[in-house]
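# Residue-level structure breakdown
Read off the chains here:
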Amino acid sequence: MTYTVAKGNQLTDPDHVTPADNAVDLRSDTVTRPSEEMRRAMAAAEVGDDVYGEDPTVNQLQKRAAEIFGKEAALYVPTGCMGNLICIKVWTHHGNEVICEDRSHVNLYELASMSAIAGCMPRAVRGGADGILTWGQIEASIRPKIYYDSQTALVCLENTSNMAGGTVYPTERVDEISDRAHALGLKVHLDGARIFNAAAALNDNVANMTKKVDSVMFCLSKGLGAPIGSMIVGSKEFIERARVYRKMFGGGMRQVGVVAAAGLLALEKSPLRLHEDHENARHLALGIAQIPGLKIDPASVKTNIVIFDCAATGMNAVELCDALYERGIWAQDTAFYSVRMVTHWNVGRAGIERALQELKTVVQRKKGQVA
Ligand SMILES: *Cc1c(COP(=O)(O)O)cnc(C)c1O
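On a predicted model such as this, the values are computed, not experimentally measured, just so you know.

## Re the packing of helix H1 (residues 36-44) against helix H11 (residues 257-269)
- The geometry of H1 relative to H11 is characterised by a closest axis approach of 7 Å and an angle of 140° between their N-to-C directions. In terms of their interaxial angle, H1 and H11 are classed as oblique. Seen along the crossing, H1 lies across H11 with a hand that is right-handed. Listed contacts from H11 to Glu37, Met38, Ala41 and Met42 of H1 are Val258, Val259, Ala261, Ala262, Leu265, Ala266 and Lys269.
- Its residues assigned to classes, the contact of H1 with H11 comprises 9 nonpolar, no polar and 2 charged.

Rendered as structure tokens:
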């Protein structure tokens, strides 16, 4: 059996673009569209050439990101993937190993760039069901310091853990892993694409949560609602080296304050409303748990990502997603029998209710056919 992706996740045929307004789009929080306020700020943004460091809006965004994370400096990058790659490149040499969780974004969804471009081997470690690594699991995967073994250089953590269902690292765990990794001469990078969702779940601030890691990447373009852009933060020296690789990888942008203006609003305002997405995700999970054939533990849903199992419906994930897609509900297949729905600011409670209603209908219809 070949495994293809669901209709809603294929590269959209430009002649058949479905207006997103008609659909409840829960494929990802990347689909968020900028607010009117963001569009106004973009139109009014002061700009300059950012490769010369002359874009005042970008400089302001970088200053605020550094302040909010309690780090020395920050750098605006076009995408989260580029941000992660830059950080990996700064912290490693060709031939090194990078310890990461098996289901992590750097391992599965970045086109093997840490190998293809940074020249490193991912050392993928399976965490618990929650995708959260322990120091013990990491320590067991560190290569011995002997000249004929490739050397471990970096530990990458992911918070929230996307494919484990938006789970959250306890801050003490991040601190412990960082302290112990540093004691062995390893660096720690945090893929914090959704770190503000983790902060909302912990009711903590990102500066405290990331105080011990060497670098953080976070996305402005997901739940925070900016149209484009991610940030990396760390020490001044780290950011100076990161700026070189950003340019090398083609990420030096010019009058990009036009976009950074939306990023500033995303950074200052959007974290304050993420709990709404989390409440919608919990409501969605509770509803899904009531539908015979679908399996999820609602208590495991801590942020805005809902992953459930559909094996008992008689449909695989692609079939279920395709059936939902026809009814205006867009979800993502994440494994053969596993479907992901991500809540965000363009889907309110009414959209969640519609998604639950359509899920019920699709699953019941299938049962009718089978019976
Ligand atoms: C989305 C995501 C990224 C990459 O961000 P892009 O802007 O899509 O390149 C990295 N890590 C995680 C965990 C993500 O969810």
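## Some details on the site of the ligand
- Residues in close proximity to the ligand total 14 residues, the closest being Gly80, Cys81, Asp191, Arg194 and Lys222.
- Within the side chain of Asp191, a nitrogen or oxygen atom sits 2.6 Å from a nitrogen atom of the ligand.
- Lys222 is positioned with one of its side-chain polar atoms (N or O) 2.7 Å from an oxygen atom of the ligand.
- Coverage of the ligand by the protein amounts to 86% of the 380 Å² it exposes when considered alone.
- For the ligand, the cavity whose grid points lie within 2 Å of the majority of its atoms is the largest pocket.
- Mapped by element, the contributors of at least two residues to the shell around the ligand are helix H3 (80-91) and strand S7 (215-219).
- Here the residues of the shell around the ligand sort into 4 nonpolar, 5 polar and 5 charged.

## Points about the pattern of salt bridges
- For the coordinates displayed, the defined rule picks out 18 salt bridges.
- Two residues, Asp149 and Arg143, come together in a salt bridge whose shortest N-O distance is 3.7 Å.
- The class of Asp149 is buried, set by a relative accessible area of 17%.
- Linking Glu276 and Arg273 is a salt bridge whose minimum nitrogen-to-oxygen distance equals 3.7 Å.
- Looking at Arg273, the relative accessible area reads 17%, which means it is buried.
- Within the structure, one salt-bridge network assembled from shared partners comprises Lys63, Arg64, Glu67 and Glu268.

## A word on the environment of Gly351
- Note that Gly351 resides in helix H14 (residues 349-370).
- Residue Gly351 is classed as buried on the basis of its relative accessible area, which comes to 13%.
- For Gly351 and Ala23, which are 328 residues apart along the polypeptide, the C-alpha to C-alpha distance reads 8.8 Å.

## Things to note about the side chain of Asp49
- The topology assignment puts Asp49 in the loop between H1 and helix H2 (56-69).
- Engagement of the side chain of Asp49 in a polar contact is seen with the side chain of Arg254, the distance being 3.2 Å.
- Among all residues touching Asp49, those that are not within four sequence positions of it are Glu54, Asp55, Met253, Arg254 and Gln255.

Calculation criteria
Residues numbered from 1 in each chain as written. Predicted model: local features only at pLDDT ≥ 70, side-chain atom pairs only at ≥ 80, totals over all residues. Heavy atoms only, no water. Axes fitted to C-alpha atoms, helices over the stretch in contact; angles between N-to-C directions. Helix = DSSP H or I, 4+ residues; strand = E, 2+ residues; numbered from the N terminus. Parallel < 35°, antiparallel > 145°, perpendicular 65-115°, else oblique. Left-handed = near helix turned anticlockwise from the far one by under 90°. Contact = heavy atoms within 4.5 Å. Nonpolar A, V, L, I, M, F, W, Y, C, P; charged D, E, K, R; others polar. Near = heavy atom within 4 Å. Polar contact = N/O pair within 3.5 Å; in protein donor to acceptor, adjacent residues only side chain to side chain. Areas by Shrake-Rupley, 256 points an atom, 1.4 Å probe, with all protein chains shown as cover. 1 Å grid on protein atoms, 1.4 Å probe; cavity = no way out; pocket = protein on both sides within 12 Å on 5 of 7 lines; lining within 4 Å. Sits in = over half its atoms within 2 Å of the grid points. Salt bridge = Lys/Arg side-chain N within 4 Å of Asp/Glu carboxyl O. Buried < 20%, exposed > 50% of the residue type's maximum accessible area, 1.4 Å probe, protein only.

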